[in-house]
Amino acid sequence: MTTAGPAAGHRADLEARVDALLAAHDPATTERQAFLDARYDAGLAWVHVPEGHGGLGLPRALQPVVDDRLGAAGAPDNDPRRNGIGLGMAAPTILAFGTPAQQERLLRPLWTGREIWCQLFSEPGAGSDLAAVATRAIPDGDRWRVTGQKVWTSSAHLADRALLLARTDPDAPKHRGLTYFALDMRQPGVEVRPLRQLTGEAEFNEVFLTDAVVDDADRLGDVGAGWQVANATLMSERVAIGSGAAREAGMLGVVADAWRTAPSGHRTADAHQRLLRLWVESEALRTTGMRLAQKLAAGAPGPEGSAMKLGFARLAQQLSSLEVELRGDDGLRYDDWTLRRPDQVDMTGRDTGYRYLRAKGNSIEGGTSEVLRNIIAERVLGLPSEHRVDKDVAWKDLPR
Amino acid sequence: MSATTGAGADLVLLPDDVEEDLRASLDRALAARCTPARVAAAYDGDESLAGELWTALVDLGLPALLVPEEHGGAGAGAREAAAVLDVLARHAAPVPYLSSAVVAATTLTALGAGGLLGDLAAGGTAALLVPATLHRADDVVPLVRHDDGTVSGSVRSVTGVAGGVPAGVLLVPVAGPDGADGADGADGAALVAVRPGDPGVDVAPVVSLDMTAPLADVRLDRAPATELPGDARAAVSAGLAAGAALGASALAGTATWALTTTVAYLQQRRQFGRVVGGYQALKHRLADLYAEVEQATATARYAAAALAADDPDLAVATAVAQSWCSEVAVHATEEAVQLHGGLGMTWEHPCHLHLKRARAGALVLGSPAAHRDDLATLVDLPPPHPDQGGSPSWT
């Protein structure tokens with residue numbers, strides 16, 4: 001009585017739909033992109049999304065029924081890790097704030113991987129204080145002209161489109177003068193430069209916008225409502241970052257294997273205790289993610305996702321540090337310092353030292369742990385806000 | 001990668017309507033009677049609250065939750081019992097629900113001891129006579145000998161035997177007459193039932209760190225005993241496993257109480273012209289504590305759901321929940337005392353009741369370290385061999 005999973009009726013119906021898709025489009029003979037288009041049209045792309053946009057309006061928990069069955073049949077997938085920002089952040093934002101026309105136009109190429117997305121939020125002067133963005137969008141007929149500099153932009157060198165947060169009213173207080181757009185990255189006026197990180201690679205970019213153009217039809221939400229839309233995107237991001245997968249997935253699996261294979265001399269009683277504590281903490285986070293996902297199955301992401309992201313960062317850093325220790329001499333080596341521009345973060349595809357260094361970013365990217373603690377304290381626990389001197393002052397009058 | 005990957009993926013961790021109703025009615029029943037002052041009175045020798053509360057629990061049918069229907073019980077699930085333990089913990093209620101309605105009831109159910117189960121369903125109480133910190137049946141080395149229908153021996157620090165609602169029956173793991181040691185029918189060991197009022201039974205209450213779950217030392221001297229047929233080792237194992245799995249919900253309840261009470265206090269307490277909860281140093285501590293407590297709730301619910309579903313992941317779920325919830329309950333109540341300032345050190349404020357429950361509760365049915373030891377075996381992370389410490393050899 002307590003293990004009622006996804007409804008059996010939905011499951012059988014989904015399996016039948018998958019079988020029909022496979023019968024009409026044999027993966028062995030169908031071109032990859034054509035198969036993905038057909039899957040989208042069949043509502044089997046993301047089953048929780050409304051019909052007509054690649055979904056069936058079913059519980060999100062039923063997606064594995066589709067993925068597993070298609071995987072077993074050798075069908076291609078949409079390489080979701082390549083478009084993490086598109087799928088994890090752009091899609092929920094477009095679904096929540098986009099017009100029907102925008103949803104029709106943007107979601108299909110997003111899901112099928114024809115259009116890769118990035119996120120133009122952070123700036124040199126606006127990281128944790130995101131409402132301080134200075135990139136200007138100035139109206140020009142039925143379009144906007146955008147000028148400014150963005151930074152820490154993952155995937156910008158691959159992206160076709162970007163979620164853009166820009167200032168449209170410098171006379172309004174900083175949270176109220178922002179507007180949110182979907183920007184075409186393939187245009188003059190968008191320059192992407194690699195930004196090398198402490199790992200040696202350039203996974204992030206700087207993006208310089210000089211009179212770049214965005215149609216008003218690509219505005220997401222009202223003029224001046226950019227802060228609310230951006231917050232929804234960020235909550236989706238934190239849920240996406242924090243959601244655990246299977247037990248011993250990710251960093252914990254790497255470190256558990258390091259323990260099992262480490263030369264005996266590196267397996268000390270102290271390291272064993274640390275590992276067991278981290279194993280327990282990983283499982284605590286995994287079950288919290290399960291519970292949160294069950295809560296969110298009906299509703300929108302809330303600030304609780306911030307706690308997941310906080311825990312995830314802490315764990316990744318402690319685990320990757322323990323792994324360096326367990327590897328002994330190998331922990332002193334590094335795999336590759338050459339400047340690379342990867343299309344995704346690949347924690348498990350690289351060596352120990354990379355994981356240790358890359359994990360340092362986990363408590364900074366997507367909201368620093370300090371900002372997340374403030375969010376939890378204020379929005380979840382209802383504690384008083386930080387003392388603010390900038391809240392009701394016009395953005396143009398703020399000291400910078 | 002561990003063989004248990006993906007285990008328990010279907011377990012539902014959110015309460016259903018039945019559980020929500022149960023929580024609400026129990027909360028109402030406790031709020032009226034279970035005031036901090038009356039709970040604290042147990043430390044001064046007045047244990048009258050416990051009896052009143054137990055009567056209220058019986059009226060709600062809660063001691064019968066885990067008793068099978070054919071023995072007069074509710075035949076409900078572990079999830080409902082977990083909810084009861086959570087709510088009881090939030091009120092620091094001094095009733096032997098974990099020891100009697102969970103551990104003893106599950107032990108008797110595993111034995112199929114119908115008559116005694118019927119008594120429990122009707123509000124009677126029982127306790128398994130093993131040291132309170134023990135959580136593995138394999139560690140039950142019977143301290144009591146069974147000879148000619150009588151038992152002799154002594155067991156130290158048992159819960160659920162003394163207090164305002166003492167055990168009506170003691171379930172005693174015994175060695176056989178040949179001195180075999182091990183609660184196993186094959187070597188002559190068994191479980192026997194002993195009545196606390198009978199001659200030769202001496203229950204000596206102990207001054208306990210947590211007087212809401214008071215301990216007793218029990219001495220048996222040729223006390224009359226009734227042997228309970230069945231697999232004693234399996235029954236003790238089931239009782240302790242259920243206790244550990246669901247005890248985590250009590251710890252999570254204590255942690256939740258500590259967090260919410262402290263947040264509420266810091267939302268109104270002013271110092272230096274400001275609400276104290278607005279200071280970032282305190283906000284960040286509470287945010288971290290919130291994350292810990294959320295995770296404690298999730299692990300406790302996962303363990304309860306695994307027990308309810310008889311999921312193969314139960315042993316791992318229990319080890320995780322017990323080790324995590326124990327440490328979080330202690331941390332949360334220690335933070336509560338600190339962040340209440342001088343008030344937190346007083347007898348008037350209920351912080352101390354919950355601190356004592358957390359600290360003692362973290363030891364009951366296995367310490368966090370003991371449960372992590374279990375985990376090392378369960379998930380194939382063996383400890384280093386004692387000979388293998390130190391630096392790698394030159395090879």
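The structure presented is a predicted model; accordingly, all values stated were derived computationally and were not measured. (Residues numbered from 1 in each chain as written. Chains lettered and ligands numbered in written order. Predicted model: local features only at pLDDT ≥ 70, side-chain atom pairs only at ≥ 80, totals over all residues. Heavy atoms only, no water.)

Engineer: What's the story with helix 5 (residues 97–111) of chain B in this structure? I'm lost.
Structural biologist: Side chains three or four residues apart in an α-helix point the same way, a direct result of the helix having 3.6 residues per turn. All names here are of chain B. Here helix 5 contains 15 residues, and its C-alpha end-to-end distance of 20 Å stays within 8% of the 21 Å for a straight helix at 1.5 Å per residue. The largest bend along helix 5 measures about 30 degrees and falls at A105. Here helix 5 lies mainly inside the structure; 13 of its 15 residues are buried. At the C-terminal side of helix 5, G112 shows a positive phi close to 75 degrees. (Helix = DSSP H or I, 4+ residues; strand = E, 2+ residues; numbered from the N terminus. Expected span 1.5 Å × (residues − 1). Bend = angle between axes of the 7 residues up to and from the residue. Buried < 20%, exposed > 50% of the residue type's maximum accessible area, 1.4 Å probe, protein only.)

Engineer: Whenever I open this one, the packing of aromatic side chains confuses me. Can you help?
Structural biologist: Centre distance and the angle of the planes are the two values used to describe a pair of aromatic rings. All names here are of chain A. Tallied over the entire structure, the rule returns six aromatic pairs over all chains. When the ring of F121 is compared with that of Y180, the centres are 5.8 Å apart and the planes differ by 80 degrees; the resulting orientation is edge-to-face. Residue F121 is located in the loop between strand 1 (117–120) and strand 2 (136–140), and its partner Y180 is located in strand 5 (residues 178–184); the two are separated by 59 residues in the primary sequence. Take F121: its relative accessible area is 3%, and that puts it in the buried class. With a centroid separation of 6.2 Å and an interplanar angle of 80 degrees, the aromatic rings of W152 and F204 are classed as edge-to-face. Taken together, the positions of W152 in the loop between strand 3 (143–151) and strand 4 (161–167) and F204 in strand 7 (residues 204–215) put the pair 52 residues apart, joining distant regions of the chain. For the cation-ring pair, R193 lies above F208, with the distance from its terminal atom to the ring centre recorded as 4.0 Å. (Phe/Tyr/Trp six-rings, centres within 6.5 Å; stacked < 30°, edge-to-face > 60°. Lys NZ or Arg CZ within 6 Å of the ring centre and 35° of its normal.)

Engineer: Explanation requested: the confidence of the model for chain A in the structure shown.
Structural biologist: Per-residue confidence for chain A averages 90 on the pLDDT scale, and 95% of its residues sit at or above 70. Note that pLDDT drops below 50 for residues 1–6 of chain A; the model gives that stretch 14 contacts with residues more than four away or on any other chain. (pLDDT = per-residue confidence, 0-100. Contact = heavy atoms within 4.5 Å.)

Engineer: What is the right way to read the pairing of strand 4 (residues 169–175) of chain B from this model?
Structural biologist: Each regular strand shows side chains that alternate between the opposite faces of the sheet. Residue and element names in this part refer to chain B. In terms of residue burial, strand 4 counts as a mostly covered element, since seven of its seven residues are buried. Both faces of strand 4 are covered, namely the face carrying V169, L171, P173 and A175 and the face carrying L170, V172 and V174. Where strand 1 (residues 126–128) and strand 4 come together, three bridges link them in parallel fashion. For L128, the partnering residue across the bridge sits in strand 4 and is L171. Pairing of strand 2 (residues 144–147) with strand 4, which is carried by two bridges, proceeds in the parallel orientation. Opposite R145, over in strand 4, you have A175 as the bridge partner. (Pairing = 2+ DSSP bridges.)

Engineer: Honestly, the interface of chain B and chain A in this entry has me stumped. Any pointers?
Structural biologist: Much of the literature gives interface size as the accessible area that the parts lose upon coming together. Each partner contributes residues to the interface: chain B has 60 residues there, and chain A has 51 residues. For the pairing of chain B and chain A, the buried interface totals around 4800 Å² over both sides, and the portion due to carbon and sulfur atoms is 62%. For the interface between chain B and chain A, the tally reads seven salt bridges. Where R373 of chain A meets D288 of chain B, a salt bridge forms, and the shortest distance between an N and an O atom there is 2.7 Å. Summed over the shared surface of chain B and chain A, the number is 18 residue pairs in polar contact (both at pLDDT 80 or more). The dominant element in the side of chain B that touches chain A, judged by the number of residues it contributes, is helix 8 (residues 280–308) of chain B, at 17 residues. Of the residues contributing to the side of chain B that touches chain A, the split by class is 30 nonpolar, 18 polar and twelve charged. (Buried area = accessible area lost by both parts, 1.4 Å probe. Salt bridge = Lys/Arg side-chain N within 4 Å of Asp/Glu carboxyl O. Polar contact = N/O pair within 3.5 Å; in protein donor to acceptor, adjacent residues only side chain to side chain. Nonpolar A, V, L, I, M, F, W, Y, C, P; charged D, E, K, R; others polar.)

Engineer: So what exactly am I meant to see when it comes to the nonpolar core here?
Structural biologist: Proteins that are soluble and globular tend to have nonpolar side chains buried together. Membership of the largest hydrophobic core comes to 85 residues, with the highest contact counts inside it found for W279 of chain A together with L266, L286, L375 and L381 of chain B. Tallying contributions element by element places helix 9 (residues 314–339) of chain B first for this core, with 15 residues. Apart from residues lying up to four places away in sequence, L286 of chain B is in contact with L381 and L383 of chain A together with L259, T262, V263, L266 and L339 of chain B. (Core = buried A, V, L, I, M, F, W, Y, C linked by side-chain atoms within 4.5 Å.)

Engineer: Looking at this model, I keep getting lost on the confidence of the model for chain B. Mind explaining?
Structural biologist: As a general rule, the predicted coordinates of low-pLDDT regions are not to be interpreted in detail. All names here are of chain B. When pLDDT is averaged along chain B, the result is 92; 93% of the residues meet or exceed 70. Within the model, pLDDT remains below 50 along residues 1–5, and this stretch shows ten contacts once partners closer than five positions in the same chain are excluded. Scored by ipTM, the complex comes to 0.91, with pTM at 0.89.

Engineer: Even after reading the chapter, I still don't get a negative patch on the surface, so can you show me in this structure?
Structural biologist: Residue and element names in this part refer to chain B. Residues D16, D17, E20 and D21 make up a contiguous surface patch of negative charge. Along the chain, D17 turns up in helix 1 (residues 17–33). Assessed through its relative accessible area of 61%, D17 is described here as exposed. (Patch = residues over 30% accessible without salt bridge, like charges linked within 9 Å, V, L, I, M, F, W, Y side chains within 5 Å. Areas by Shrake-Rupley, 256 points an atom, 1.4 Å probe, with all protein chains shown as cover. Lys, Arg positive; Asp, Glu negative; His and termini not counted. Charge placed at Lys NZ, Arg CZ, Asp CG, Glu CD.)

Engineer: Would you explain the environment of L251 of chain B in this entry?
Structural biologist: Residue and element names in this part refer to chain B. Its location among the elements puts L251 in helix 7 (residues 232–268). In this structure, the C-alpha to C-alpha distance between L251 and C325, residues 74 residues apart in sequence, is 5.7 Å. Beyond its immediate chain neighbours, meaning those up to four positions away, L251 contacts Q322, C325, S326, A329, A358, G361 and A362.

Engineer: Can you walk me through the UniProt feature "domain: Acyl-CoA dehydrogenase/oxidase N-terminal" (unreviewed entry) in chain A in this structure?
Structural biologist: The sites that carry the UniProt feature "domain: Acyl-CoA dehydrogenase/oxidase N-terminal" (unreviewed entry) are, in the present numbering, residues 21–113 of chain A. A distance of 19 Å separates the end C-alpha atoms of residues 21–113 of chain A, which is 55% helix and 0% strand. (UniProt positions renumbered as here; feature names shortened; annotations may be inferred.)

Engineer: Got a minute to help me understand the pairing of strand 2 of chain A in this structure?
Structural biologist: Pairing of strand 2 of chain A with strand 3 of chain A involves five bridges; the strand directions are antiparallel. Its bridge partner lying in strand 3 of chain A, A137 of chain A is registered against V146 of chain A.

Engineer: Teacher, can you tell me more about the pattern of salt bridges here?
Structural biologist: Between side chains of opposite charge, pairing is possible as soon as their charged atoms come close. Tallied over the entire structure, the rule returns 57 salt bridges over all chains. One salt bridge in this structure joins E123 of chain A and K150 of chain A, with 2.9 Å as the shortest N-O distance. Residue E123 of chain A is found in the loop between strand 1 and strand 2, and its partner K150 of chain A is found in strand 3; the two are separated by 27 residues along the sequence. Taken together, the shared-partner salt bridges in this structure form one network comprising E19, R23, D86, R90 and R301 of chain B.

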